Amino acid sequence: MHIPDGFLTTPVIVGTYAISGGTLWSVRKKVGEQFREQTTVKLAMLAAFIFVAQMINIPISGGTSGHLLGGFLAALFVGPYPAMFIMSLVLTVQMLIFQDGGLTALGANILNMGIVGAGGGYLIFFFLKKMGLNGERSPLMESLAVFIAAWFSVELGALLCGLELGLSGLAGVKLTVGIMGSVHAIIGLLEGVMTMFIYRAIQALRPDLIYVNSLNR
Amino acid sequence: MSVRISRNLMIVLIGLVFLIALTAFSSALPDGLEWAAAKLGFLSREQEMYHAPLSDYTLHSRLPEAVNQILSAIIGIVVLTGAMVGFQRLFRNRSRNPHER
């Protein structure tokens, strides 16, 4: 879902840079708190994992491929704000070194995959928890919440990406939002399954590494 | 700072090596956005405004793609690990409370 250079018009570029920059700036203190608390190994491993996982494209029906985005996964481990920051770093490295995503589109890519990917998925997860899909009831219910939230983290980012493309006049807004939403409704299933399995595995091996566990106490 | 390599960290490191190896088998099919752009006919609008040193995860065009992918994965990990260590130091140094260190 990395938007390249040339797709977005100036107002969309400026707008998305402003929203992403503003959001990251406003959460800097919360990011700092978590960064001081977390171990270096965990933070480094998380960023490394997300970067490598994003390189592994898996074929999906209809001649497309998808990969884990990892924003919501990161939020489960370090909380939503540090997750946004880590995703922004990964996206910046991808753009600066590997030309994955454009320089002018970095603001939009951070917004779609970093801020909405991490924060949106996290909000949905909490909403589902409040609705009763939580670990106190059963691990299965919690897994379902993780799956749904991970799916939404991709879908919301894709819809927003579609909106940015439409506002840039590449095609009608309805068309761009519709096509991005529908293709990522399928790609999002991959995010759901992978996030759920990783979450369950770490929950079994090292539950202390999971940020959301610390909130229940 | 001493890094104690626990059994779990070992598992994570082995997992990471496994994932790096998997990048060699990454699918070349278009991703969701490229697919949509081709379908709606604006894929050609893409233009380069900045040239990255290892564009498209390629160190050298004469190397096999699998090798390029694996080397890119390693470089990315090294850079990001450095960035995380650096940012953590930065945040810790800014901390007003020395007990938090």
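Residues numbered from 1 in each chain as written. Chains lettered and ligands numbered in written order. Predicted model: local features only at pLDDT ≥ 70, side-chain atom pairs only at ≥ 80, totals over all residues.

**What about the overall build of chain B?**
Secondary structure assignment for chain B yields 3 helices and 0 strands. Secondary structure elements of chain B occur, N-terminal to C-terminal, as α-α-α. For chain B, buried positions account for 20% of its 101 residues. (Helix = DSSP H or I, 4+ residues; strand = E, 2+ residues; numbered from the N terminus. Buried ≥ 20, exposed ≤ 12 C-beta atoms within 10 Å, placed from the backbone.)

**Comments concerning the overall build of chain A**
If you tally the helices and strands in chain A, you get 8 helices and 2 strands. For chain A, the succession of helices and strands along the chain, N to C, is α-α-α-β-β-α-α-α-α-α. Radius of gyration (C-alpha) of chain A: 17 Å, near the 17 Å computed for a compact globule of 217 residues. For chain A, the C-alpha atoms occupy an extent of roughly 50 × 35 × 30 Å along the three principal directions. Counting across all 217 residues of chain A, residues that qualify as buried make up 60%. (Rg over C-alpha atoms; globule rule 2.2 N^0.38 Å.)

**Topic: the interface of chain B and chain A**
At the interface, 51 residues of chain B touch 52 residues of chain A. Those elements that provide at least two residues to the side of chain B that touches chain A are α1 (7-22), α2 (32-39) and α3 (65-94) of chain B. The biggest single contributor to the side of chain B that touches chain A is α3(B), with 16 residues. Residue composition of the side of chain B that touches chain A, grouped by class: 29 nonpolar, 13 polar and 9 charged. (Contact = placed C-beta atoms within 7 Å. Nonpolar A, V, L, I, M, F, W, Y, C, P; charged D, E, K, R; others polar.)

**With respect to helix α3 (residues 40-55) of chain A**
Along its 16 residues, α3(A) runs 23 Å from first to last C-alpha, staying within 8% of the 22 Å computed at 1.5 Å per residue. α3(A) sits mainly inside the fold: 12 of its 16 residues count as buried. Among the structural elements, α2 (28-37), α4 (71-78) and α5 (80-98) of chain A together with α1 and α3 of chain B are those in contact with the buried residues of α3(A). (Expected span 1.5 Å × (residues − 1).)

**Points about the nonpolar core**
Residues and elements named next belong to chain A. Core analysis: the biggest nonpolar cluster contains 93 residues, and L46, A47, A74 and I86 have the highest contact counts within it. Considering each element in turn, this core owes the most residues, 14 residues, to helix α7 (residues 139-167). Not counting residues up to four positions away in its chain, the partners in contact with I86 are L46, A47, I50 and A74. (Core = buried A, V, L, I, M, F, W, Y, C linked by C-beta atoms within 7 Å.)

**Points about the confidence of the model for chain B**
Residue and element names in this part refer to chain B. Predicted confidence across chain B gives a mean pLDDT of 88, with 88% of residues reaching 70 or more. Model confidence for chain B, summarised as mean pLDDT per element, is weakest for α1 at 88 and strongest for α2 at 95. Our summary of model confidence lists the complex with pTM equal to 0.93 and ipTM equal to 0.92. (pLDDT = per-residue confidence, 0-100.)

**Observations regarding α7(A)**
Count 3.6 residues to each turn of an α-helix, and residues three or four apart come out pointing the same way. Taking 1.5 Å per residue, 29 residues should reach 42 Å; α7(A) reaches 42 Å between its end C-alpha atoms and fits that length. α7(A) sits mainly inside the fold: 21 of its 29 residues count as buried.

**Thoughts on the packing of α2(A) against α3(B)**
Packing of α2(A) against α3(B) leaves a shortest axis separation of 9 Å and a crossing angle of 105 degrees. The orientation of α2(A) with respect to α3(B), classified from their angle, is roughly perpendicular. Where α2(A) approaches α3(B), its residues G32(A), F35(A) and R36(A) are matched on the opposing element by F87(B), Q88(B), F91(B), R92(B) and R94(B). Of the residues assigned to the contact of α2(A) with α3(B), the class counts are 3 nonpolar, 2 polar and 3 charged. (Axes fitted to C-alpha atoms, helices over the stretch in contact; angles between N-to-C directions. Parallel < 35°, antiparallel > 145°, perpendicular 65-115°, else oblique.)

**Quick word on unusual backbone geometry**
All names here are of chain B. Positive phi, normally seen in glycine, also occurs at D56, with a value near 55 degrees. Locating D56 in the fold gives a position in the loop between α2 and α3. The phi torsion at Y57 lies on the positive side, around 60 degrees, for a residue other than glycine. Relative to the elements of secondary structure, Y57 occurs in the loop between α2 and α3.

**Some thoughts on the environment of Y81(A)**
Residue and element names in this part refer to chain A. Along the chain, Y81 falls in helix α5. Judged by the 25 C-beta atoms lying within 10 Å of it, Y81 falls in the buried class. Along the primary structure Y81 and Y211 are separated by 130 residues, whereas in three dimensions their C-alpha atoms are 12 Å apart. Setting aside chain neighbours within four positions, we find Y81 in contact with V27, K30, V31 and Q34.

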